[in-house]
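Observations on chain architecture
Spelled out from the first residue to the last, the chains are:
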Amino acid sequence: DAGVIQSPRHEVTEMGQEVTLRCKPISGHNSLFWYRQTMMRGLELLIYFNNNVPIDDSGMPEDRFSAKMPNASFSTLKIQPSEPRDSAVYFCASSKGTSGRGELFFGEGSRLTVL
Amino acid sequence: EDQVTQSPEALRLQEGESSSLNCSYTVSGLRGLFWYRQDPGKGPEFLFTLYSAGEEKEKERLKATLTKKESFLHITAPKPEDSATYLCAVPNNAGNMLTFGGGTRLMVKP
């Protein structure tokens, strides 16, 4: 299996621009998670989908952030408009069932720099 | 609110120098504790799950243990390839989302 695939790996954009990050989870996994990692705040959960349905988005920082999962093999995280404080590495992870079993499979991340 | 605290933030070891990393947690009811390894530029990779106090898991030079308030990741005779950031995490009450600690960055010098 190819694992969780994220794109782009790196994105540099200017403040105010729209950013779209993409994720393809592992086939057969029905839970998908978006995390954000920074030096200051560590790894933070943004949103969790189960069977393509958003279950908990309490970690989404504000209305500028939105996430969708139109089908079992694709999810997007969108930031509009982007701000310099959004600079971070964004990870997508998937698992079979809930993450209570602990075994999340992470992608390699999308490093976002907002100038 | 669940809290997970890891110490130290960074640890430098000589090759072969054994040590332990700590993960302390405050949760309403423990539903497991998980250890991950993260290499630079990569996503975290699952290592262990521990479910009850007294439980131990081993993998190569790593051994994870769990008490009612904390978990330790013991590294025996580490090698440079063990250098990474080690993260611990606990699930929420519903058991469907993980909260991660800040991690311990381990550096093993030859």
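Rules and cut-offs
Residues numbered from 1 in each chain as written. Chains lettered and ligands numbered in written order. Predicted model: local features only at pLDDT ≥ 70, side-chain atom pairs only at ≥ 80, totals over all residues. Heavy atoms only, no water. Helix = DSSP H or I, 4+ residues; strand = E, 2+ residues; numbered from the N terminus. Rg over C-alpha atoms; globule rule 2.2 N^0.38 Å. Buried < 20%, exposed > 50% of the residue type's maximum accessible area, 1.4 Å probe, protein only. Contact = heavy atoms within 4.5 Å. Areas by Shrake-Rupley, 256 points an atom, 1.4 Å probe, with all protein chains shown as cover. Lys, Arg positive; Asp, Glu negative; His and termini not counted. Charge placed at Lys NZ, Arg CZ, Asp CG, Glu CD. Buried area = accessible area lost by both parts, 1.4 Å probe. Salt bridge = Lys/Arg side-chain N within 4 Å of Asp/Glu carboxyl O. Polar contact = N/O pair within 3.5 Å; in protein donor to acceptor, adjacent residues only side chain to side chain. Nonpolar A, V, L, I, M, F, W, Y, C, P; charged D, E, K, R; others polar. Phe/Tyr/Trp six-rings, centres within 6.5 Å; stacked < 30°, edge-to-face > 60°. Disulfide = S-S within 2.5 Å.

Points about the overall build of chain A
Scanning chain A from terminus to terminus reveals zero helices and eleven strands. What you see in chain A, going N to C, is helices and strands ordered as β-β-β-β-β-β-β-β-β-β-β. Computed over its C-alpha atoms, the radius of gyration of chain A comes to 13 Å, within 12% of the 13 Å expected for a compact globule of 115 residues. The principal-axis extents of the C-alpha atoms in chain A amount to approximately 35 × 30 × 30 Å. Across the 115 residues in chain A, those meeting the buried criterion constitute 48%. Counted over contacts in chain A with a minimum sequence separation of 6, partners at least 24 positions apart contribute 55%. Total accessible area computed for chain A in this model is approximately 5700 Å², and 50% of it derives from carbon and sulfur atoms. Put simply, chain A has 12 plus and 13 minus side-chain charges, and the middle of one group is 4 Å from the middle of the other.

Considering the interface of chain A and chain B
With 20 residues of chain A in contact, the opposing surface of chain B contributes 18 residues. For the pair chain A and chain B, the summed buried surface comes to about 1500 Å²; carbon and sulfur atoms form 54% of the total. Linking chain A to chain B there are one salt bridge. In this assembly, chain A and chain B are joined by five residue pairs in polar contact (both at pLDDT 80 or more). Residue assignment for the side of chain A that touches chain B shows that the elements contributing at least two residues are strand E4 (31-38), strand E5 (42-50) and strand E6 (53-56) of chain A. Considered class by class, the residues forming the side of chain A that touches chain B number nine nonpolar, six polar and five charged.

As for the packing of aromatic side chains
Evaluated as defined, the whole model comprises nine aromatic pairs over all chains. When the ring of A:Phe106 is compared with that of B:Tyr36, the centres are 6.0 Å apart and the planes differ by 85°; the resulting orientation is edge-to-face. Within this pair, whereas A:Phe106 is found in strand E10 (residues 105-106), its partner B:Tyr36 is found in strand E4 (residues 33-38), the two belonging to separate chains. Take A:Phe106: its relative accessible area is 11%, and that puts it in the buried class. Its relative accessible area of 0% is what places B:Tyr36 among the buried residues. Between the aromatic rings of B:Phe34 and B:Tyr51, the centroid separation amounts to 6.4 Å while the plane-to-plane angle is 85°, which identifies the pairing as edge-to-face. One end of the pair, B:Phe34, is in strand E4; the other, B:Tyr51, is in the loop between strand E5 (45-50) and strand E6 (56-59), and 17 residues separate them in sequence. Given the relative accessible area of 0%, B:Phe34 is considered buried. Members of the aromatic cluster, joined through ring pairs, are A:Tyr35, A:Phe91, A:Phe106, B:Tyr36, B:Phe46 and B:Phe100.

Overview of the state of the cysteines
The full count for this structure, using the stated rule, is two disulfides over all chains. In this model A:Cys23 forms its disulfide with A:Cys92; the gap between the sulfur atoms is 1.9 Å. On the S-S bond that ties A:Cys23 to A:Cys92, the torsion sits near -65°, and the link is left-handed. Here A:Cys23, found in strand E3 (residues 19-24), pairs with A:Cys92, found in strand E9 (residues 88-95); they are 69 residues apart in sequence, far enough to count as distant. With respect to class, A:Cys23 is no different from A:Cys92; both count as buried. A disulfide bridge connects B:Cys23 with B:Cys88, and the sulfur atoms are separated by 2.0 Å. Here B:Cys23 and B:Cys88 share a disulfide; its torsion about the S-S bond, 80°, makes the bridge right-handed. Of the two residues, B:Cys23 sits in strand E3 (residues 19-26) while B:Cys88 sits in strand E9 (residues 84-91), which places them 65 residues apart along the sequence.

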